[in-house]
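Below are the chains, spelled out letter by letter.
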Amino acid sequence: MVWDKHEQMATGALADLQLERLRFTLHRVARQVPFYRNTFKQAGVDLESFAGLNDIRRLPFTTKQDLRNNYPYGMFAVPLRDVVRIHSSSGTTGMATVVGYTQNDIVTWSNLIARILTMAGVGPNDVVQIAFGYGLFTGGFGLHYGAERLGASVIPISSGNTRRQIQIMQDFKTTALVCTPSYALKIADVMMDLGINPNGLSLRYGLFGAEPWSEKMRREISERLGIIATDNYGLSEVMGPGVAGECQECNGLHVNEDHFLIEILDPQSLEPVEPGEIGELVITTLTKEAFPVIRYRTRDLTRLLPEPCPCGRTFRRIERITGRTDDMLIIKGVNVFPTQIESILFDIEGTQPHYNLVIERENNEDKLTVMIEVVESIFFDEMKKQRTMVDLIKKRLASELGVGVRVKLVEERSLERFNGKGARVIDKRQL
Ligand code: DLL
């Protein structure tokens, strides 16, 4: 079953469509977005001579920093009155990236999510429990609109409160669960604690994304919850979820290529890697109205899986995301940059410019511990003063990052010193 006929387009026809849409997008952004007009001009790009898809390599890249420099609305290609929805990726003010959608963008997005759900086996008769956060994060609303578009019955429960999730799953006869893969395992743990046998539930499908996971985790989720577990990928800057998703072959993610032009490049040379080699995924949107991006460097690492897929879809597949080229961490599905933490920590009186971030997965839940050196007068002071400081740091970090952390004050000069760039992040998670 496919959601729409584009998914089975012949390669030549797809390339023609991509080129037509690309040309249209490039002319639009050059007209509407000063950033693109300037970068195209600087790079000497002549859009009139744009003959084929390969010409994309003449265009400059767009980075997260470019989006930040244009905070909040500088990259929008339509007036704000035409924008019907705004989302934002995590980050402190000025660090966050703000993205917008026109009414048409929401229709496109919903259709692409309906494709992803259909690929994963979900249909109009399913009961879909969406346990992603609803809010500025694109996960909740993105999947929600798509599941409604599909005609499924949607339970917008949002994230958290695992016992309630399970209760609803039992009472409402949920057939498809949508959340992060680590949260699926947490749900399985709590079910076990409660003595609930997942085989007694109606659950059949699980669509998981927003953070990296592994085949081992897929096996564990599938076995413990008795479901088909598929991966789906996206990022706020490009649209949110809906960029790519797995079909029931569970062997790589079909990219919605009629809406996104992808390149896989060597992150150093920024030249294309050999087909099938790992590189950085770079995406150009082909149909977005409010927030088109040209050659956006996702920093996500993956490779193309060149063989045709037995499911009959012609859109190429990428392998699950295997890593990143920058230091972004994903903690409980929330994107966190060490520099964000650093700027908050160093802003607090009594801290020293030395810290470590330790990330562990305890009972299938990410735990981030921030270890920070503090001046002697605080470290050796009464417990109360220390506790006040810990609480203050915790609160500031939680409100800025959108995720709770543990804080441990340590004595001056107790953390390892580095020459040059310090290895301050100790990620102990084993996926
Ligand atoms: O995480 C969008 C999303 C929501 C995708 C729900 C799938 C499901 P951001 O918060 O902007 O958007 O984070 C995007 O998360 O660049 C990847 O590094 C990572 N990521 C997203 N999906 C996957 C995945 C959403 N399936 C960043 N596997 C991306 C690995 C993923 N990493």
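Bear in mind the structure is a predicted one, so any value in this text is a computation, not a measurement. (Residues numbered from 1 in each chain as written. Predicted model: local features only at pLDDT ≥ 70, side-chain atom pairs only at ≥ 80, totals over all residues. Heavy atoms only, no water.)

## Structural notes on the sheet that holds strand 4 (residues 153-155)
The nine strands lie next to each other as 4-3-5-6-7-8-9-14-13, forming an open sheet whose pairing is mixed. Whereas interior strands pair on both sides, the edge strands pair on one side only; in this sheet they are strand 4 and strand 13 (304-305). Pairing geometry for strand 3 (residues 127-130) and strand 5 (residues 176-179), over three bridges, is parallel. For glutamine 129, the partnering residue across the bridge sits in strand 5 and is leucine 177. (Pairing = 2+ DSSP bridges. Helix = DSSP H or I, 4+ residues; strand = E, 2+ residues; numbered from the N terminus.)

## Regarding the pattern of salt bridges
Inspection of the entire model under this criterion finds 28 salt bridges. When the shortest N-O distance is used, the salt bridge between glutamate 365 and lysine 332 registers 3.2 Å. In this pair, glutamate 365 is assigned in strand 19 (residues 365-374) and lysine 332 in the loop between strand 16 (329-331) and strand 17 (334-336), connecting sequence segments 33 residues apart. Given the relative accessible area of 41%, lysine 332 is considered partly exposed. Arginine 429 is the salt-bridge partner of aspartate 427, the closest N and O atoms lying 3.0 Å from each other. Here arginine 429 falls in the buried class, since its relative accessible area comes to 17%. It is possible to trace a salt-bridge network through shared partners that takes in Asp4, Glu7, Arg115, Asp258 and Arg313. (Salt bridge = Lys/Arg side-chain N within 4 Å of Asp/Glu carboxyl O. Buried < 20%, exposed > 50% of the residue type's maximum accessible area, 1.4 Å probe, protein only.)

## Some points on the site of the ligand
Around the ligand there are 21 residues in total, and Asp231, Asn232, Ser236, Asp300 and Asn335 lie nearest to it. Between the ligand and glutamate 211 there is a distance of 3.2 Å, counted from a nitrogen atom to a backbone nitrogen or oxygen. Aspartate 300 places a side-chain nitrogen or oxygen 2.6 Å from an oxygen atom of the ligand. Contact with the protein chains removes 97% of the 610 Å² of surface that the ligand exposes when unbound. Of all the secondary-structure elements, those providing two or more residues to the shell around the ligand are helix 5 (138-150) and strand 7 (228-235). Tallying contributions element by element places strand 7 first for the shell around the ligand, with five residues. Residues belonging to the shell around the ligand are distributed by class as follows: ten nonpolar, seven polar and four charged. (Near = heavy atom within 4 Å. Polar contact = N/O pair within 3.5 Å; in protein donor to acceptor, adjacent residues only side chain to side chain. Areas by Shrake-Rupley, 256 points an atom, 1.4 Å probe, with all protein chains shown as cover. Nonpolar A, V, L, I, M, F, W, Y, C, P; charged D, E, K, R; others polar.)

## Let's talk about the sheet that holds strand 11 (residues 279-285)
The strand order across the open sheet formed by four strands is 10-11-12-15, and the pairing between neighbours is antiparallel. Looking at strand neighbours, the two that pair on one side only are strand 10 (260-265) and strand 15 (323-324), the edges of this open sheet.

## Structural notes on the nonpolar core
Ranked by internal contacts, the top residues of the largest apolar core, which has 70 residues, are Tyr36, Phe40 and Ile318. For this core, the leading source of residues is helix 4 (residues 103-119), giving eight residues. In this structure, phenylalanine 40 is in contact with Leu26, Val29, Ala30, Val45, Leu47, Leu59, Pro60 and Ile294, ignoring residues within four places of it in sequence. One finds Tyr183, Met191, Ile221 and Ile227 within the second-largest nonpolar core, a separate group that totals 26 residues. (Core = buried A, V, L, I, M, F, W, Y, C linked by side-chain atoms within 4.5 Å. Contact = heavy atoms within 4.5 Å.)

## Re helix 9 (residues 338-345)
Where helix 9 is concerned, the buried positions are Pro338, Gln340, Ile341, Ile344 and Leu345. Projected onto a plane normal to the axis of helix 9, the buried residues spread over an arc of 160° and lie on a single side. Summarising the contacts, the buried residues of helix 9 are in contact with strand 16, strand 17, strand 18 (351-362), strand 19, helix 11 (383-401) and strand 21 (425-427). (Arc of directions from axis to C-beta.)

## Focus: the side chain of aspartate 258
Turning to its location among the elements, aspartate 258 is positioned in the loop between strand 9 (253-255) and strand 10. When its relative accessible area of 1% is taken as the criterion, aspartate 258 is described as buried. Sequence-distant contacts of aspartate 258, that is, excluding residues within four places in its chain, are made with His6, Leu14, Leu17, Arg21, Arg115, Leu286, Thr287 and Phe315.

## With respect to the domain arrangement of the protein chain
When the domains of the protein chain are assigned, the result is domain 1 (1-325) and domain 2 (329-430). One C-alpha centre belongs to domain 1, the other to domain 2; they are set 31 Å apart. Counting residues at the interface gives 17 residues for domain 1, matched by 14 residues for domain 2. For the pairing of domain 1 and domain 2, the buried interface totals around 1,200 Å² over both sides, and the portion due to carbon and sulfur atoms is 49%. Linking domain 1 with domain 2 are two salt bridges, by the criterion used here. Put simply, lysine 186 and glutamate 365 hold a salt bridge, and the shortest N to O gap is 2.6 Å. Counting across the domain 1 and domain 2 interface gives two residue pairs in polar contact (both at pLDDT 80 or more). (Domains from an automatic or database assignment. Buried area = accessible area lost by both parts, 1.4 Å probe.)

## Some thoughts on the packing of helix 4 against helix 5
Two elements in contact, helix 4 and helix 5, have axes whose closest approach is 7 Å; the angle formed by their N-to-C orientations is 80°. For the element pair helix 4 / helix 5, the angle class is roughly perpendicular. Here helix 4 contributes Ile106, Trp109, Ser110, Asn111, Ile113, Ala114, Leu117 and Thr118 to the contact with helix 5, which in turn contributes Thr138, Gly142, Leu143, Tyr145, Gly146, Ala147, Arg149 and Leu150. Grouping the constituent residues of the contact of helix 4 with helix 5 by class yields nine nonpolar, six polar and one charged. (Axes fitted to C-alpha atoms, helices over the stretch in contact; angles between N-to-C directions. Parallel < 35°, antiparallel > 145°, perpendicular 65-115°, else oblique.)

## A closer look at the pairing of strand 8 (residues 240-246)
Of all seven residues in strand 8, seven are buried; the element is thus mostly enclosed. In textbook terms, the turn of a hairpin is the stretch between consecutive antiparallel strands, and for strand 7 and strand 8 this stretch comprises four residues. Taken together, the three bridges between strand 8 and strand 9 define a ladder with antiparallel strand orientation. Bridge pairing in strand 9 links glutamate 246 to leucine 253.

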